[in-house]
Amino acid sequence: MTPIQLLVSDVDGTLVTPDKKLTPATLDAVSELRAKGILFTITSSRPPIGLRMLVEPLGIALPMGPFNGSSIVNPDLTVDEQHTIPKLTVMESLALFARRGIDAWIFTNRRWVIHRDDGQYVSHEQQTIQAGPLIVDRDELYVSEACKVVGVSADFSLLAECETELRHLLGAEAHVARSQDYYLDVTPPGYDKGSFVAAIGKRLDIPPQAIATIGDMSNDLPMFRAAGTSFAMGNASDAIKAQAAHITASNTDDGFAKAVATILKANDEA
């Protein structure tokens with residue numbers, strides 16, 4: 001590997017355990033990166049508020065990429081760059097989810113808007129981002145401010161079908177990818193985790209070949225392609241692993257920390 005100067009990590013399924021915890025090994029790994037002069041930041045499908053609890057323990061000083069990298073926020077959550085989904089695209093996405101019997105959520109920069117508490121994923125998301133939803137009968141007021149629309153279902157096969165269907169329907173008008181087996185994200189067109197990696201690399205004057213990325217889902221593939229080195233988590237599907245340069249252990253077995261160890265060893269040997 002070219003010596004790595006920057007590591008950009010996904011969060012859920014990668015940096016944190018299934019119960020959304022940072023392990024001691026992960027915290028130590030980020031400290032080791034810092035000690036070796038390697039920069040670190042995160043990008044996630046989460047809204048900005050869902051990243052705030054990671055800033056202090058990880059010592060994040062660089063901008064972060066919420067909403068699958070379509071926004072850029074500073075560690076204090078002030079907005080550096082923000083994009084929204086075209087209104088017609090939001091409406092088309094909501095209509096498809098309704099036809100398929102899939103719950104739909106809208107995230108703006110400040111609000112998480114839902115129609116009902118499903119008793120499963122709403123509480124899960126609330127625990128993850130440590131913020132509650134706004135329950136409304138009508139969501140028209142939030143359509144023009146949507147940074148992310150999420151289709152939510154326990155029927156993973158159905159969401160996989162809808163992922164393909166939405167991509168054909170929306171084309172270049174949105175970025176469509178699952179961030180979890182149970183979440184199908186629609187985010188602003190022209191921006192993804194890969195564009196976030198490219199933007200941060202440009203700001204820091206770090207070439208792509210000196211950047212490493214790590215993730216576990218299809219929404220992480222753009223950042224794999226934007227970096228010289230990529231790691232797929234052990235809990236990723238075979239399809240995701242096939243598109244990464246390296247495969248590490250799962251997020252239940254400190255896969256992030258093991259990937260960092262690989263990076264540090266390669267840098268030492270370069």
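- Going by an unreviewed UniProt entry, the protein chain carries the name Cof-like hydrolase and comes from Afipia broomeae ATCC 49717.

## Overview of the overall build of the protein chain
And step 1. Regarding its fold elements, the protein chain presents eleven helices and 13 strands.
And step 2. What you see for the protein chain is a C-alpha radius of gyration of 18 Å, in line with the 18 Å of a compact globule of 270 residues.
And step 3. Taken along the three principal axes of its C-alpha coordinates, the protein chain extends 55 × 35 × 35 Å.
And step 4. Counting every position in the protein chain, which comprises 270 residues, the buried fraction comes to 55%.
And step 5. Here the contacts in the protein chain between residues at least 6 apart in sequence split such that 61% fall between residues at least 24 apart.
And step 6. If you sum the accessible surface of the protein chain, you get close to 11,400 Å²; carbon and sulfur atoms cover 49% of it.
And step 7. Positive and negative charge centroids in the protein chain, built from 23 and 34 side chains respectively, lie 1 Å apart.

## As for helix α1 (residues 24–35)
And step 1. The terminal C-alpha atoms of α1 lie 16 Å apart, and with twelve residues this matches the ideal 16 Å at 1.5 Å per residue to within 8%.
And step 2. Among the residues trailing α1, glycine 37 stands out with phi positive, at a value near 80°.

## Quick word on the pattern of salt bridges
And step 1. Here the structure, examined in full by the defined rule, presents 13 salt bridges.
And step 2. A salt bridge links aspartate 80 to arginine 203, with the shortest nitrogen-to-oxygen separation between them at 2.8 Å. Here arginine 203 lies in helix α8 (residues 193–204) and aspartate 80 lies in strand β4 (residues 79–81), a separation of 123 residues in the sequence.
And step 3. When the shortest N-O distance is used, the salt bridge between lysine 258 and aspartate 253 registers 2.9 Å.
And step 4. Each of Asp10, Lys193 and Asp220 takes part in salt bridges that share partners, so that together they form one network.

## A closer look at the packing of aromatic side chains
And step 1. Inspection of the entire model under this criterion finds nine aromatic pairs.
And step 2. Relative to tyrosine 182, the ring of tyrosine 121 has its centre 4.8 Å away and its plane inclined at 20°; by these criteria the two rings are stacked. Of this pair, tyrosine 121 sits in helix α5 (residues 121–129) while tyrosine 182 is found in the loop between β9 (175–180) and β10 (183–187), placing the two residues 61 residues apart along the sequence. Accessibility assignment for this pair places tyrosine 121 and tyrosine 182 in one class, buried.
And step 3. Taken together, the ring pairs in this structure connect Trp105, Phe107, Trp112, Tyr121, Phe156, Tyr182 and Tyr183 into an aromatic cluster.
And step 4. Between the NZ or CZ atom of lysine 148 and the centre of the ring of phenylalanine 107, over which it lies, the distance is 4.7 Å.

## A short note on the sheet that holds β10
The strands that make up a sheet are held in pairs by hydrogen bonds between backbone atoms, and each pair lies either parallel or antiparallel.
And step 1. One open sheet accounts for six strands, arranged β7-β6-β5-β8-β10-β9; its pairing is mixed. In this open sheet, the two strands that pair with only one neighbour each are β7 (134–135) and β9.
And step 2. Its contacts with the sheet place helix α7 (residues 156–170) against β8 (148–152), β9 and β10, and it is angled at close to 165° to β9.

Cut-off values and rules
- Every chain begins its residue count from 1, and numbering advances along the sequence as written.
- Only residues with pLDDT of at least 70 are given local features in this predicted model, and only at 80 or more are side-chain atom pairs given and counted; all residues enter the totals for whole chains, interfaces and linings.
- For side-chain calculations, the full set of non-hydrogen atoms in the structure is used, while hydrogens and water are omitted.
- Segments assigned H or I by DSSP are reported as helices when at least four residues long, segments assigned E as strands when at least two residues long, and all are numbered from the N terminus.
- The quantity called the radius of gyration is restricted to C-alpha atoms. Its globule counterpart is 2.2 Å times the number of residues to the power 0.38.
- Between buried and exposed lies partly exposed: a residue is buried under 20% and exposed over 50% of the maximum accessible area for its type, with that area taken using a 1.4 Å probe on protein chains only.
- By definition in these notes, contact holds between two residues if any of their heavy atoms fall within 4.5 Å.
- Areas reported as accessible are Shrake-Rupley estimates using a 1.4 Å probe. Residue values count occlusion only from the protein chains shown.
- We treat Lys and Arg as the positive residues and Asp and Glu as the negative residues; His and chain ends play no part in the count.
- Each charge is placed at NZ for Lys, CZ for Arg, CG for Asp and CD for Glu.
- Take the number of residues in a helix, subtract one, and multiply by 1.5 Å to get its expected span.
- Should a side-chain nitrogen of Lys or Arg be within 4 Å of a carboxyl oxygen of Asp or Glu, the pair is scored as a salt bridge.
- Two aromatic rings from Phe, Tyr or Trp, using only the six-membered ring of Trp, form a pair when their centres are within 6.5 Å; if the ring planes differ by under 30 degrees the pair is stacked, by over 60 it is edge-to-face, and anything between is tilted.
- Look at NZ for Lys and CZ for Arg. If either is within 6 Å of the ring centre and within 35 degrees of the ring normal, a charge sits over the ring.
- Two strands make a pair as long as DSSP finds a minimum of two bridges between them.
- Note on definitions: angles span 0 to 180 degrees between N-to-C directions of axes, and those axes are lines fitted to C-alpha atoms, for helices only across the stretch in contact.

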